[in-house]
Amino acid sequence: DVYKRQGFMNKSKIIIVSGLALFAMFVGAGNLIFPPQLGAEAGSAYLPATLGFLCTGIGLVFMGVVATTRAGGNIMDLGHHLGKVPISLFSILAMLAIGPGLAIPRTAATTYEFLKGSLFPDFPAWLSSAIFFSIVLFFVFRPSRVVDLIGNFLTPGLIIVLAIIIIKGIVTPLGEIIPTGMEAVFSTSFEKGYQTMDAIGAMCFTSIVVASFVNKGVHDHDELVSCTIKAGIIASIGIAALYSGLLYIGATTSSLTEIHDFVYVDRLIFIAEGLLGKLGSVFMCLAMVLACLTTAIGLSSTVGEFFEKLSHGRISMRWAILASTAFSYYFSISGVDKIVAIAAPILAGIYPLAIVLIVLNFFYKSLDHKALHMGCSLGALFPTVEMILNGIDGHISLMEPLENLFPESFRNFAWILPVVVLGLLCLLYTSDAADERSSV
């Protein structure tokens, strides 16, 4: 009744539009270029590769949306047990990673490389990025309409284009799927899913969807959680279908020796042209532009809102967005391969902490203990510390002794050991301390 009384869309339509918008905001450059590449590398092992990639790209995303909503609606709420300074530092690092530091420039760089490789070979990078970010700013300065604009207009076009390409690739595969000898398929694919930045994006995008529900009359916390979960399910189903389809199509190129050295954008252009000819390049280029635009719009809005709240209004949302866009424009001209190379070690360093915060807040009723959060978070910092030390020296490894305790297929999960050990130690220590105080 509240929706009808206030003249807003009915509840079901709000959830569907928000779910489609969430899907579109997640589906950016990395979500399109990494699955086909992983499929080609996995070959006949594409099923475990798909499972590993979906665990990161779907499981963590859905848990991230739910955990963030339950915690309060934004990334800062996820670390309320850690203290304001630690969670602020992590939030800033995460926001810079999915914002002007990595993800936003990658959307513009991928758009340019697609335009250059498929339609406009002489198109300059500076002009492509200038046009791209002009469109982003046009949408993002209408914050109250971001979700509706993306969910109602941009997402349907994106879904139609991608569906045509995926269905064609399944019906008429490009080649034979062969064994490639890829080792530790599941764990490697799980870690490759970090490159999509979806789990971190879930912690950040959720605030936009929650704000959209509030603007449409949903104020009760339990109802907000329910609506966001339903929107998250819609987004997750769409992303799962996209990843599975693109991974399979990539696997069908594993036997094509003529594109053995093709990576990311070049492989995706070849797939599009191989399936639908020159029209395929146009379709895939359109899909890429739409995907990158929707992601950049969502990210830019999130970055602006975050820094305005963090600075208590001293930095306005508009100026934060403009600063983020200016830096993203400059960085985007570096090219996709360079951005991916820079992103890999950074994401490997911060993703474990993101996963820990998501899991702890997802199971908030049974794991809502300050000491447990502190210990697990300290354990998750091992890869981050190693990344920093390697940046200084290059020969220091904290994780190698732990990795040797695991079978080769699961060595990428060695960081879980310090998470569990330190979490339990902190929990036991506080329990013992409490017992001593009670006995005194």
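A brief structural summary. (Residues numbered from 1 in each chain as written. Predicted model: local features only at pLDDT ≥ 70, side-chain atom pairs only at ≥ 80, totals over all residues. Heavy atoms only, no water.)

### Quick notes on the overall build of the protein chain
Stage number 1. Of regular secondary structure, the protein chain possesses 20 helices and zero strands.
Stage number 2. Taking contacts inside the protein chain between residues at least 6 apart in sequence as the whole, the part at least 24 apart equals 81%. (Helix = DSSP H or I, 4+ residues; strand = E, 2+ residues; numbered from the N terminus. Contact = heavy atoms within 4.5 Å.)

### So, empty space enclosed by the protein
Stage number 1. Evaluation of the coordinates by the stated rule reveals one cavity of 30 Å³ or more.
Stage number 2. Of the pockets and cavities examined, the largest cavity occupies roughly 130 Å³.
Stage number 3. Lining the largest cavity we find 17 residues, and of these Ala103, Thr196, Met197, Thr295 and Leu299 sit closest to its centre.
Stage number 4. For the lining of the largest cavity, the elements supplying multiple residues, two or more each, are α2 (11–26), α3 (29–42), α7 (103–119), α11 (198–215) and α13 (265–310).
Stage number 5. Residues belonging to the lining of the largest cavity are distributed by class as follows: eight nonpolar, seven polar and two charged. (1 Å grid on protein atoms, 1.4 Å probe; cavity = no way out; pocket = protein on both sides within 12 Å on 5 of 7 lines; lining within 4 Å. Points joined across faces, edges and corners; volume = space filled by probe spheres on them. Nonpolar A, V, L, I, M, F, W, Y, C, P; charged D, E, K, R; others polar.)

### Observations regarding α3
Stage number 1. With 14 residues, α3 should cover 20 Å at 1.5 Å per step; its first-to-last C-alpha distance of 21 Å lies within 8% of that length.
Stage number 2. Counting buried positions along α3 gives 13 out of 14 residues, so the element sits mostly inside the fold. (Expected span 1.5 Å × (residues − 1). Buried < 20%, exposed > 50% of the residue type's maximum accessible area, 1.4 Å probe, protein only.)

### Here's the deal with the pattern of salt bridges
Stage number 1. Under the definition given, this model contains three salt bridges.
Stage number 2. Measuring nitrogen to oxygen at the nearest pair gives 3.5 Å for the salt bridge that ties glutamate 41 to lysine 192. Taken together, the positions of glutamate 41 in helix α3 and lysine 192 in helix α10 (residues 185–192) put the pair 151 residues apart, joining distant regions of the chain.
Stage number 3. Note that glutamate 273 and lysine 278 form a salt bridge whose closest N and O atoms lie 4.0 Å from each other.
Stage number 4. Glutamate 273 sits in the partly exposed class, given a relative accessible area of 33%.
Stage number 5. Exposure remark for lysine 278: the relative accessible area of 52% places this residue in the exposed category. (Salt bridge = Lys/Arg side-chain N within 4 Å of Asp/Glu carboxyl O.)

### Let's talk about unusual backbone geometry
Stage number 1. At alanine 184, a position not held by glycine, the phi torsion is positive, near 45 degrees.
Stage number 2. Examined against the element boundaries, alanine 184 turns out to sit in the loop between α9 (146–171) and α10.
Stage number 3. The phi dihedral of histidine 312 falls on the positive side, at around 55 degrees, and the residue is not glycine.
Stage number 4. With relative accessibility at 59%, the residue histidine 312 sits in the exposed group.

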